[in-house]
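Descriptive analysis of the structure
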Amino acid sequence: MTSFDSSPTLTAWRALLAVAVVFVMLATTGWTAVRHQHSDEPRTVALAAWARGRVAGHALPDADAPSYRLARFFATLTAAQRAGLADKYPLVVGNLNGAPVTLRYRANRRAVVQARQVERRRMHDVRLSPDGRAEAVRRMNRFDSMLDRGRHFLAFDPSGKGRAAEVFGSLDRADRVSVIVPGVDTNLLTLERPAPKVNAAPVGMAKSLYAAERAARPGTRTAVIAWADYTTPAGIGMDAALGNLAERGAVRLNALVGALPGDAPVSLFCHSYGSVLCGVAAHELPSRVGDIAVAGSPGMRVESAAQLHTGARVWAMRDRDDWIQDVPNLELGGLGHGADPVDPGFGARIVSAGDAVGHSGYFEPGTESLGNFAAIGVGAYESVSCAVSDSGCHERISGSQGI
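The text that follows walks through the structure, step by step, so that each part is easy to find. (Residues numbered from 1 in each chain as written. Predicted model: local features only at pLDDT ≥ 70, side-chain atom pairs only at ≥ 80, totals over all residues. Heavy atoms only, no water.)

What follows covers the overall build of the protein. Helix and strand content of the protein: twelve helices and ten strands. Classification of the 403 residues of the protein by burial places 53% in the buried group. Long-range pairs, those at least 24 residues apart, make up 67% of the contacts in the protein with a sequence separation of at least 6. Counting only carbon and sulfur atoms, one obtains 54% of the accessible surface of the protein, whose full area is about 18600 Å². (Helix = DSSP H or I, 4+ residues; strand = E, 2+ residues; numbered from the N terminus. Buried < 20%, exposed > 50% of the residue type's maximum accessible area, 1.4 Å probe, protein only. Contact = heavy atoms within 4.5 Å. Areas by Shrake-Rupley, 256 points an atom, 1.4 Å probe, with all protein chains shown as cover.)

On to unusual backbone geometry. Looking along the chain, the bond that leaves A195 and enters P196 is cis, with omega of 5°. Secondary-structure assignment places P196 in the loop between β5 (176-181) and α8 (202-216). Even without being glycine, D185 reaches a positive phi, approximately 60°. In the Ramachandran plot, S272 falls in the positive-phi region, its phi being about 55° despite a non-glycine side chain. Looking at the element boundaries, S272 is found in the loop between β7 (266-271) and α11 (273-281).

Residues I236, W323 and V327 make up a contiguous nonpolar surface patch of roughly 250 Å² in combined accessible area. Tracing the backbone through its elements, the reader meets V327 in the loop between β9 (313-317) and β10 (349-350). The partly exposed category is assigned to V327, whose relative accessible area is 30%. (Patch = residues over 30% accessible without salt bridge, like charges linked within 9 Å, V, L, I, M, F, W, Y side chains within 5 Å. Salt bridge = Lys/Arg side-chain N within 4 Å of Asp/Glu carboxyl O.)

A word on helix α2 (residues 42-52). Within α2, burial applies to R43, A46 and W50. The buried residues of α2 all sit within an arc of 60° when viewed along its axis, so they share a single face. In α2, the exposed positions that point more than 90 degrees away from the buried face belong to A51 and R52. Residues of α2 that are buried make contact with α4 (79-88), α5 (90-93) and β3 (152-157). (Arc of directions from axis to C-beta.)

Now for the packing of α8 against helix α12 (residues 368-378). Direction vectors running N to C along α8 and α12 enclose 65°, while the axes themselves pass 8 Å from each other. It follows that α8 is roughly perpendicular to α12 by the angle criterion. The two elements α8 and α12 meet at a crossing, and its hand is right-handed. Contacts between α8 and α12 involve S208, L209, A212, E213 and A216 from the first element and L370, F373, A374, G377 and V378 from the second. Class assignment for the residues of the contact of α8 with α12 results in seven nonpolar, two polar and one charged. (Axes fitted to C-alpha atoms, helices over the stretch in contact; angles between N-to-C directions. Parallel < 35°, antiparallel > 145°, perpendicular 65-115°, else oblique. Left-handed = near helix turned anticlockwise from the far one by under 90°. Nonpolar A, V, L, I, M, F, W, Y, C, P; charged D, E, K, R; others polar.)

A complete count under the given rule lists seven aromatic pairs for this structure. With a centroid separation of 5.3 Å and 85° between ring planes, the pair formed by W50 and Y89 is classed as edge-to-face. Taken together, the residues W50 in helix α2 and Y89 in the loop between α4 and α5 connect sequence positions 39 residues apart. Summarising the burial analysis for this pair, W50 and Y89 share the class buried. An aromatic cluster of at least three residues, connected via ring pairs, comprises F269, F363 and F373. Note that R349 overlies the ring of W315, its terminal NZ or CZ placed 5.7 Å from the centroid. (Phe/Tyr/Trp six-rings, centres within 6.5 Å; stacked < 30°, edge-to-face > 60°. Lys NZ or Arg CZ within 6 Å of the ring centre and 35° of its normal.)

Listed below in structure tokens is the structure:
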């Protein structure tokens, strides 16, 4: 009789289990397709108008031009010309990597005002179903919130389920920059959530991290970006088991980081499916990215940290009751995301999640997980508390205080 304790057989059974899990997911949730933009969606219309536009008698640059070219273009304009473009083409200028940060804030505020007006009309459109009008109410309420005084958006697109990126702190003056990369079901309506799930949404995560970083090093000027500017999987379906959306999001993340002003070190904090994206993006990240920290990760689409081919420090955490630990860490025919980042054999620096609870509890104020994230974000590596499985996680870091 064949023993099921033998390593090859056990590996084969785990692989079969992974396939079974995926097909159960497929049968129960169905394929979740990426929504392609229609020609009448707001940003598509805006890009077409930009392509025909001119300033001072000259054609406008390609919206997909490299950020350094766009930066040079805006540097040649007067303040009035820049403001004029932001007001005329807000959905383009607000999302242009290379445009001045404050100009993008201005453009996106105007774009949010316009989007709110659209939803206000849709609320009373009798051609829509009751569900359609209810969704219009929810979207209008979200845009109302986004227009609160003091909020700054580095990206905004109301097309489809929508995307956005909000900034806390001053990007132009920051000594350290942190970027939060969220996971599944992130869109404009889930950008922020009410209690008790405030810190499970990108905006709540960013606010918590920003406050914790300022407490960790009051003399360090920090900025935190809640980066919900990629198309995420809808639920735990096939898109969540594949890497397609992560690959597309990685292009956007690398473009964002490459266009950030100044030269402050950047740390990425990648939650759940966001860690898949960060793993895909890692090998092309700009050198200013010094840290990639993942929490509740299903895998980074590699078998080891070395395969990420990045000079950034790789950190990983998972709390004891995070359900993600029950997801098979395998990759088979494109399904699954590879090895577990908190496995000591993966090669990441494993840090304690302390009293974090569940899959979405890593950014709760007062938790050890948030404290560790804040220490990484401000470069206070000596303050990081290591997991029992990696008692030397903060060793061999050049340039950190006390080491």
